[in-house]
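Observations on the model geometry
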Amino acid sequence: AHPPEITPPHADSVPPRLVEGMSVLCRCDQAMGHSHSAESLCLVLDVDANKDPKALAGVCAEDDETASDTSASADSDSEVLNSPLCGSFAQYKAARFHFAPANGWHPDLRKMHCSAQNTMEWDGKGPVPVAPDDCWLLPTSDKMSVRIARHQSELVKAGWKLLTCNPVTVSRLSNKAKLFKHARSLGIDSALPQHYASPEVAAYPCILKAAVGQHGKDVYIVNSSKEVRDITTDGFGVKWLLQEMVVGSMEYSTSLLVVAGGVVGAVF
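This section reports on the structure supplied with the text. Note that the structure is a prediction, hence the values are computed from the model and not measured. (Residues numbered from 1 in each chain as written. Predicted model: local features only at pLDDT ≥ 70, side-chain atom pairs only at ≥ 80, totals over all residues. Heavy atoms only, no water.)

**Remarks on the packing of aromatic side chains**
To be explicit about the condition: Planes of paired rings set the category: under 30 degrees apart is stacked, over 60 is edge-to-face and the rest tilted, where pairs are Phe, Tyr or Trp rings (Trp by its six-membered ring) whose centres lie within 6.5 Å. For helices the rule is a DSSP run of H or I covering at least 4 residues; for strands it is a run of E covering at least 2, with both sets numbered from the N terminus onward. Exposure categories follow from relative accessible area, calculated using a 1.4 Å probe and restricted to protein chains: below 20% of the type maximum is buried, above 50% is exposed, and the middle band is partly exposed.
Within this structure, the stated rule accounts for 2 aromatic pairs. Between Tyr 220 and Trp 240 the ring centres are 6.4 Å apart and the planes differ by 40°, which places this aromatic pair in the tilted class. Separated by 20 residues along the polypeptide, Tyr 220 in strand β7 (residues 219–222) and Trp 240 in strand β8 (residues 240–244) bring together distant segments of the chain. Relative accessible area serves as the criterion here: at 30%, Tyr 220 is assigned to the partly exposed category. Since its relative accessible area comes to 15%, Trp 240 is described here as buried.

In structure tokens:
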């Protein structure tokens, strides 16, 4: 078998040993049951091949001879896994937390110094990836939360540790319209910002937001029913929510660990 063809960014200015090194690293990745692009492998190595391709070459090998010998001799998965280049992959293999799919969080997660990675490209579709030893799989989006819940049996069999539950419950919590209706059915909707059934009964200014979304996408401050209807004319309470605008300069977030309906841990 031969290493796959890899073309790192700015390949015309990259030393040959970098192309060789990336090929072996991708072989290492595949031998461990994962699938990453060259760009994601750059993240794992914590270097920016676009800004400094020579830095990545330096990480891949101690010198030209090491890289050449490794790429030429690594003809089997076992040889790849035991190669000097694959030592650079130890951080990935030793990760305690994988946040998926990759969305640009990796540099910030590294600063937490808790062996957290955001380099996996698996988005909940296709074959389930094999887990590194003793590793948690955590979602980077509401959509991924639902997909992890749906695939939890397969993921556990693949060695992943999960924090999830029934997919219906996860979907209800990730959909703001469903969450409000559920809170109202339990008689605790007063703990949420006031919701308005239509633009005509809303108190302005208020917030118009999509029922499904995150990171501020499709969230608007509106000052009249006309502004609301310039954005959407229907779907209120299903696809869109109109709710009280909570004024302030500080955002508060709470994460809860709930087991059998009881809160056993919280981070504020």
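**Brief notes about the sheet that holds strand β3 (residues 135–139)**
What counts is decided by this rule: Only when DSSP finds a minimum of two bridges between them are two strands counted as paired.
Taken in spatial order, the 4 strands make up an open sheet running β2-β1-β3-β4, and their pairing is parallel. Of all strands in the sheet, those bounded by a partner on one side alone are β2 (116–117) and β4 (160–161). Bridging between β3 and β4 involves 2 bridges; their strand directions are parallel. Among the inter-strand pairings, Cys 135 is bridged to a residue of β4, identified as Trp 160.

**A look at the packing of helix α8 (residues 142–150) against helix α10 (residues 167–174)**
For clarity, the cut-off: Comment: axis = line fitted to C-alpha atoms, over the contacting stretch for helices; angle = value between 0 and 180 degrees taken between N-to-C directions. An angle counts as roughly parallel when it lies under 35 degrees, as roughly antiparallel when it exceeds 145, as roughly perpendicular when it falls between 65 and 115, and as oblique in every other case. Here, two residues are considered to be in contact whenever any of their heavy atoms come within 4.5 Å of each other. The classification used treats Ala, Val, Leu, Ile, Met, Phe, Trp, Tyr, Cys and Pro as nonpolar, Asp, Glu, Lys and Arg as charged, and all other residues, Gly among them, as polar.
It is the contact of α8 with α10, at a shortest axis distance of 8 Å, that shows an interaxial angle of 170°. Relative to α10, the element α8 is oriented roughly antiparallel. Residue-level inspection shows Asp 142, Ser 145, Val 146, Ala 149 and Arg 150 of α8 in contact with α10, the latter providing Pro 167, Val 170, Ser 171 and Ser 174. Here the residues of the contact of α8 with α10 are counted per class, giving 4 nonpolar, 3 polar and 2 charged.

**Section: the sheet that holds strand β5 (residues 195–196)**
In space, the 4 strands of this open sheet follow the order β5-β8-β6-β7, with antiparallel pairing throughout. The open sheet has two edge strands, β5 and β7, and neither has a second partner.

**Focus on the pattern of salt bridges**
Put simply, the rule reads: A pairing counts as a salt bridge when a side-chain nitrogen of Lys or Arg comes within 4 Å of a carboxyl oxygen of Asp or Glu.
If you walk through the whole model with that rule in mind, you get 4 salt bridges. In this structure, Lys 226 engages Asp 230 in a salt bridge whose closest nitrogen and oxygen atoms are separated by 3.1 Å. In this pair, Lys 226 and Asp 230 are both assigned in helix α12 (residues 225–231), 4 residues apart and thus about one turn of the helix distant. Comparing Lys 226 with Asp 230, the two get one shared label, exposed.

**Some details on the side chain of Asn 175**
Where we set the bar: Residues adjacent in sequence count toward polar contacts only when both atoms are side-chain atoms; beyond that, a polar contact is any pair of N or O atoms within 3.5 Å, and within protein one must be able to donate a hydrogen and the other to accept it.
Along the polypeptide, Asn 175 turns up in the loop between α10 and α11 (176–185). For Asn 175, a relative accessible area of 12% translates into the label buried. Only 3.0 Å separates the side chain of Asn 175 from the backbone nitrogen of Ala 177, close enough to count as a polar contact. In terms of polar contacts, Asn 175 uses its side chain to reach the backbone amide nitrogen of Lys 178, at 3.0 Å. The residues touching Asn 175, leaving out its near neighbours within four places in the chain, are Ala 211 and Val 212.

**Topic: the layout of surface pockets**
Definition in use: Grid points spaced at 1 Å and placed over the protein atoms alone form the basis of the search, with a cavity being a set where a 1.4 Å probe fits but cannot get out and a pocket an open set showing protein on both sides within 12 Å along at least five of seven lines. Lining residues have an atom within 4 Å of a point. Grid points are joined across faces, edges and corners, and a volume is the space filled by probe spheres set on the points.
Reported here for the second largest pocket is a volume of approximately 350 Å³. For the lining of the second largest pocket, the secondary structure elements donating two or more residues are α8 and α10. For the lining of the second largest pocket, the element with the highest residue contribution is α8, accounting for 5 residues. Its residues assigned to classes, the lining of the second largest pocket comprises 2 nonpolar, 6 polar and 7 charged.

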